[in-house]
Amino acid sequence: MTLREIGSNLPFMRSGQTTFAVVCAVLGAAVACSVVMGWAVGDRMLVQVGPTFAPMQMNTALCFLCGSIALVVVASGLPAIRSRAGRLTLLLTGALLVGTAGLTLVQYGTGLDFGIDELIVDAYILTRTSHPGRMSPWTAIGFIAMGCVILIGRSTPQPGSFAAVAMALLTSFVGLLATTVLVLYVLEFDPALGAVSSTRMAVHTATLFWILAAGAGAVLSLGSARSRRAFQWLPVLVGLVISLTVRQGLVDRENAVMRDVMGEWLHEIAVQAEALLEQRFEALDRMAFRVAAGAYPSDDVWQSDGRFYAGQVLEDNPIALVDAELRIVWGTPDPIGALDRFLGTEEARLLREASLTAGASRMSPPLVDEASPLRSLVLTPVPGEGNVRFVASLLEPIVAMRQDQADEGYALEVRLADHPLLVHDAPTVGPPIHDRFEIGGQPVVLSAGLTEGRIASSSSRLPGIILVAGLLFTAMLGSVQYSANGRARSEARFRALLESAPDAGLIVDEQGRIVQVNSRAETLLDRTAEELSGQRVGTLGGEGSTLWLPPPQWGWDEAFEVEVIAAGGRSIPVEINASPIQSDDGFLVSLAMRDVSEWHAMVGRLRESDRLKSDFVSTVSHEMRTPLTIIREFTSLVHDGSAGAINDDQHDYLDTVIRNCDRLTGLVGDLLELARLESGKYRMERQQTDLRVLLERCMADFEPVAAAEGIFLMLDVQSDLPDVLGDGDRITQVLVNLMGNAVKFTPSGGAITVTASVRGSEVEVAVEDTGIGIAEEHQSMIFGAFVQVDRADGPGQRGTGLGLNVARQIVELHGGRLGLTSRLGEGSRFFFTLPALEGDILSGFLAPHLRRRQVAPAPLTLVLLRSEGDGRSDRMEDLNEAALAIQRVGRDETLLVRPDHVLAVALEADRAGAVAFLGRLQSGLPRSEHPVEYFLIQASTTGSVDLPRLSDVAGADTWRTLS
């Protein structure tokens, strides 16, 4: 088994992300183990990396080892996490990280020492370490975040839940913290790496944080989009933390400069104080030497000298000459009670011994006396042998420094022998600076701290400017990220909707270039998205397709059909629905393409089935017509007595036979009519027709029948009724059917009114009766084939149920429609419309053909023929006969416009088919000296055509001679 095969069987090697996470965990564990080994064997390079770098502490390395183990468990997948061992491992490692880091932060905050820093090993590397063995506070914060991630991950939160997003944010924070520290190391920006009182984060600590955060991020990126989006905010968090860190670093650097200045100032104070105090001690030494030289033979001389030193040097403090028992011999100025009281104390006797031992001046700690300020006793031994004497004086040490500590910006404190001489109550920022010296055997400690006022007056505006600039940049970055996330979410939702669409989907721009496709479009067109992107959508439909038009001209209300070319040249009929989309990228169009090949095949099968049915009905009807005719004729012969005498009963019987023969003959005729209509072989010869004439003839035919039934007939025709373009015989057939039904279902005493009027661009003919009416539930089906509503309660006979269906199809072939309005018990109104011939005759001629092509696309070409000369009328009749002979019934139509001597032929053919039709027409024409000219007008398969007027075509110079 190969290594690759072994890896593929491991649960955590299922994807690239988990592999990366495991690699990060192994690398983190290896580095942590090397640091532990470095502490164990004393290898500073493993622990510290560089001689000036902060070391990684032992507890830090052990925490990283625990974090690496937890990362391996999490990366191993749900079975490992949910197992008992996995859950226990995550609980222990997470609790250990949070507990250790939390106790460390408590130690920093309270100043206590819980003994956890050197619990395992004694720290011997103290470079940049405030406490031996203690991890940095930033390291502790990172471990708390990592421990929380481990503990939350133990519960296997659902992708997209609050817990999963919290894990992503905490992991991002750890990575951000590590990145920031590494950047600051590169910039050598020490003030931001740790405070003076805390340990710095080691460089390899930051590196391991970054590695483990990257591994955890790889695992979390397998979750929901919300978790992944949480990582996208990492640059914003980095910018925010860097801004705050740089600002704090600049503030710390300015504070460090101010501390250096304060340290120099404090040192100057200490030097000056020491010099002034030394000056006073030297004065006492000079008096001691004068006594040893016998310079004070009388009290007057002592008083004079003593007053000078006491007033000029010792700030009016008393000075005296005392014996070995510290009894005053001479003293000045008067009174010297305070000095006498101090000389009798235990501190004075101890000071005498120290002075004699050192053979020099010695000073006591500050002595408390309610009657005098805080002062120290100074004893200076008189040099010489024999009688022991001292020059004694009281000294106020703080007086020597008052003139120099008046700077209000610093909080100055002075302590003599651990007794406070000067205390400042103002709050300070940061730890104080100390300076010290020794005088008269007593230590003097001076401390100074930065007050808030000093910092405010000495700080520059640069940190604030840097912070504001960083926050503005972060806000701008956040705004950009938010916009990018919003756009990404919108695009993701749009892609998901496009991909989930049941049809092949394409997105094209305003120029018709393909922008995006879904997988169903790739499957339909057998091309990849890369092949289709950027291609003009018109190339899919071939030359002359609707897709070649600019997208705004496609129309958004109705679907349209085109044939698209798939890979390999395969043609696929598709139905397209186009919808406009207004996006940030401008005007786009969504195309939903549905393969209608199966639908076309089904329609073809249905048409073939319908054709077979129609052929069967036609054949049966033809076969029945002849026997029915023979039966009726012979029955009539018998009925009339031609075959011999018959009685009355026989006569009645034969009447019944003849009547049913006639009814059956009518049924056969209706079936033949319906078969021709449905097979597309119904022949019409439309001409300019005056409806008034047809209506008057029909009324005349029905007057005897209506009079016999007691029904009143009335005709109402609009005076200026325009002509229509129609077949007079077929229109009469529709009228006869409607009026026959009206007579049949109108009781005696009723009325039938026939009207004809203009309705917009159409002529409406209505037949209204006062008969029994039709129920509303039957009105929607009345025009179907073989439909008969229940009329048992009214007059009339049951028919075949085909008359209205045939009438409807005849009207529709003329480009009109047949309808009705009726109320049961009140009567019915049947009406049909025909296009009025008010404009150009070509428009009326092509209207039904164009309408049919909007429903079922098919090629259409208009052929115009004419002949010039004296005999052109006869020539046009010949052309009409020849065209009728070769036209395809139900598909082509011929119209002879006699006033203009033009023959119009509507062909279901493209231009090549029209040329072939002209060739067949020429071969069927008789020879003549009058030439025939033709003019072709091509329409689209969907019925759109820019149709000129016949008068304009007649004067065009593009007529060609048929030769």
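As annotated in an unreviewed UniProt entry, the protein carries the name histidine kinase and is attributed to Gaopeijia maritima. Taken from UniProt, the Catalytic activity (unreviewed entry) comment for the protein reads in full: "ATP + protein L-histidine = ADP + protein N-phospho-L-histidine."

Describing the pairing of strand β20 (residues 818-823)
Of the strand pairs in this sheet, β20 and strand β21 (residues 827-835) are connected by six bridges, and their pairing is antiparallel. Bridging across to β21, Gly 819 finds its partner in Phe 831. Hairpin remark: β20 followed by β21, antiparallel, with three residues in the connecting loop; positive phi at Gly 825, about 90°.

Comments concerning a nonpolar patch on the surface
On the surface, Leu 88, Leu 91, Leu 92 and Leu 151 cluster together into a nonpolar patch covering about 340 Å² of accessible area. Within the fold, Leu 92 resides in helix α6 (residues 84-110). Exposure remark for Leu 92: the relative accessible area of 54% places this residue in the exposed category.

Focus: helix α23 (residues 728-744)
End to end, α23 covers 24 Å across 17 residues, agreeing with the expected 24 Å (1.5 Å per residue, within 8%). Among all positions of α23, only Gly 728, Ile 731, Val 734, Leu 735, Asn 737, Leu 738, Met 739, Ala 742 and Val 743 are buried. Between the side-chain oxygen of the N-cap and the backbone nitrogen of Asp 729 there are 3.1 Å, and the N-cap of α23 in question is Asp 727.

Here's the deal with the sheet that holds strand β16 (residues 712-717)
Two modes of strand pairing occur in sheets, parallel and antiparallel, and in both the strands are linked by backbone hydrogen bonds. Sheet architecture is open: five strands sit in the order β16-β18-β19-β21-β20, paired in mixed fashion. Taken across any chain shown, the strands that pair with only one partner, and hence form the sheet edges, are β16 and β20. For this sheet the average axis-to-axis angle between neighbouring strands, irrespective of direction, equals 15°. With eight bridges joining them, strand β18 (residues 751-759) and strand β19 (residues 762-769) adopt antiparallel strand pairing. Note on β19: the bridge partner recorded for Ile 752 is Asp 769.

Describing the confidence of the model for the protein
Mean pLDDT over the protein works out to 78, with 81% of the residues at or above the 70 mark. A low-confidence stretch, residues 791-796 stays under pLDDT 50, and its non-local contacts, those more than four residues away or across chains, total 12 contacts.

Thoughts on the pattern of salt bridges
A full pass over the atoms with the stated rule returns 11 salt bridges. Of the charged contacts in the structure, one is a salt bridge between Asp 509 and Arg 513, with a shortest N-O distance of 3.4 Å. Asp 509 gets classed as buried once you look at its relative accessible area, which sits at 13%. Take Arg 513: its relative accessible area is 36%, and that puts it in the partly exposed class. Here the salt bridges share partners, and the residues they tie into one network are Arg 759, Glu 764 and Arg 829.

Thoughts on the side chain of Ser 355
Among the structural elements, Ser 355 can be located in helix α14 (residues 346-358). Ignoring any residue separated from it by four or fewer positions in sequence, one finds Ser 355 in contact with Ala 360, Arg 362, Leu 379, Thr 380, Pro 381 and Phe 390.

Brief notes about the environment of Met 739
With respect to the helices and strands, the residue Met 739 is situated in helix α23. The spatial distance from the C-alpha of Met 739 to the C-alpha of Met 699 is 8.8 Å, given a sequence separation of 40 residues. Apart from the residues within four sequence positions on either side, Met 739 is in contact with Cys 698, Met 699, Phe 702, Val 754 and Val 767.

Re the environment of Ser 68
On the secondary structure map, Ser 68 appears in helix α4 (residues 58-75). Look at Ser 68 and you get buried, because its relative accessible area is 2%. Spatially, the C-alpha atom of Ser 68 lies 7.1 Å from that of Leu 212, the residues being 144 residues apart in sequence. Apart from the residues within four sequence positions on either side, Ser 68 is in contact with Ala 25, Gly 28, Ala 29 and Leu 212.

Regarding the sheet that holds strand β26 (residues 960-961)
Spatially, β23-β24-β22-β25-β26 is the arrangement adopted by the five strands of the open sheet, whose pairing is antiparallel. Of all the strands in the sheet, the pair left with one neighbour each is β23 (893-897) and β26. Across the sheet, helix α28 (residues 911-924) lies against β22 (860-867), β24 (902-907) and β25 (932-939), angled at about 35° from β22, the strand it touches most.

A few points about the nonpolar core
With 47 residues, the main nonpolar core has Met 56, Phe 64, Leu 71, Leu 97, Phe 143, Met 146 and Phe 209 as its most contacted residues. For this core, the secondary structure elements donating two or more residues are α2 (16-41), α4, α6, α7 (137-153), α8 (162-187) and α9 (203-220). Sorting elements by how many residues they give to this core places α9 first, with 10 residues. Counting 39 residues, the second-largest nonpolar core is a separate cluster that includes Leu 694, Cys 698, Val 717 and Val 743.

Looking at a negative patch on the surface
Negative charge collects at one region of the surface, where Glu 685, Asp 729, Asp 874, Asp 878 and Glu 881 lie side by side. Per element, the largest residue contribution to the negative patch is three residues, and it comes from helix α27 (residues 872-886). In this fold, Asp 874 is placed in helix α27.

Looking at the pairing of strand β6 (residues 410-416)
Summarising burial for β6: five of the seven residues are buried, a large majority. The pairing of β6 with strand β7 (residues 419-422) spans three bridges and is classified as antiparallel. Across the sheet, residue Val 414 finds its bridge partner in β7, namely Leu 422. Turn length for the β6-β7 hairpin, with the two strands adjacent in sequence and antiparallel, is two residues, and the turn residue Ala 417 shows positive phi of about 50°.

Brief notes about helix α22 (residues 691-709)
Here α22 contains 19 residues, and its C-alpha end-to-end distance of 26 Å stays within 8% of the 27 Å for a straight helix at 1.5 Å per residue. Residue Glu 703 marks the point of greatest curvature in α22, where the axis turns by about 40°; the proline Pro 704 follows within four residues. Where α22 is concerned, the buried positions are Leu 691, Leu 694, Leu 695, Cys 698, Met 699, Phe 702 and Ala 706. Sitting at the amino-terminal end of α22 is Asp 690, which places a side-chain oxygen 3.1 Å from the backbone nitrogen of Arg 692.

Brief notes about the side chain of Arg 375
Take Arg 375: it is sitting in the loop between β3 (362-363) and β4 (376-381). When neighbours within four sequence positions are excluded, Arg 375 is seen to be in contact with Asn 317, Pro 318, Ala 338, Pro 365, Pro 366, Leu 367, Leu 394, Leu 395 and Glu 396.

A word on the packing of α4 against α6
The contact between α4 and α6 brings their axes to 9 Å, and the two run at 150°. Taken together, the axes of α4 and α6 lie roughly antiparallel to each other. Every pair of crossing elements has a handedness; the one defined by α4 and α6 is left-handed. Contacts between α4 and α6 pair Cys 63, Cys 66, Gly 67, Ile 69, Ala 70, Val 73 and Val 74 from the former with Gly 86, Thr 89, Leu 90, Thr 93, Leu 96, Leu 97 and Thr 100 from the latter. Tallied by class, residues from the contact of α4 with α6 come to nine nonpolar, five polar and no charged.

Structural notes on unusual backbone geometry
A positive phi angle is found at Asp 418, which is not glycine, with a value near 70°. Its place among the elements puts Asp 418 in the loop between β6 and β7. For Asp 526, which is not a glycine, the phi torsion comes out positive at approximately 55°.

Rules used throughout
- Residues numbered from 1 in each chain as written.
- Predicted model: local features only at pLDDT ≥ 70, side-chain atom pairs only at ≥ 80, totals over all residues.
- Heavy atoms only, no water.
- UniProt positions renumbered as here; feature names shortened; annotations may be inferred.
- Pairing = 2+ DSSP bridges.
- Helix = DSSP H or I, 4+ residues; strand = E, 2+ residues; numbered from the N terminus.
- Patch = residues over 30% accessible without salt bridge, like charges linked within 9 Å, V, L, I, M, F, W, Y side chains within 5 Å.
- Areas by Shrake-Rupley, 256 points an atom, 1.4 Å probe, with all protein chains shown as cover.
- Salt bridge = Lys/Arg side-chain N within 4 Å of Asp/Glu carboxyl O.
- Buried < 20%, exposed > 50% of the residue type's maximum accessible area, 1.4 Å probe, protein only.
- Expected span 1.5 Å × (residues − 1).
- Polar contact = N/O pair within 3.5 Å; in protein donor to acceptor, adjacent residues only side chain to side chain.
- Axes fitted to C-alpha atoms, helices over the stretch in contact; angles between N-to-C directions.
- pLDDT = per-residue confidence, 0-100.
- Contact = heavy atoms within 4.5 Å.
- Core = buried A, V, L, I, M, F, W, Y, C linked by side-chain atoms within 4.5 Å.
- Lys, Arg positive; Asp, Glu negative; His and termini not counted.
- Charge placed at Lys NZ, Arg CZ, Asp CG, Glu CD.
- Bend = angle between axes of the 7 residues up to and from the residue.
- Parallel < 35°, antiparallel > 145°, perpendicular 65-115°, else oblique.
- Left-handed = near helix turned anticlockwise from the far one by under 90°.
- Nonpolar A, V, L, I, M, F, W, Y, C, P; charged D, E, K, R; others polar.

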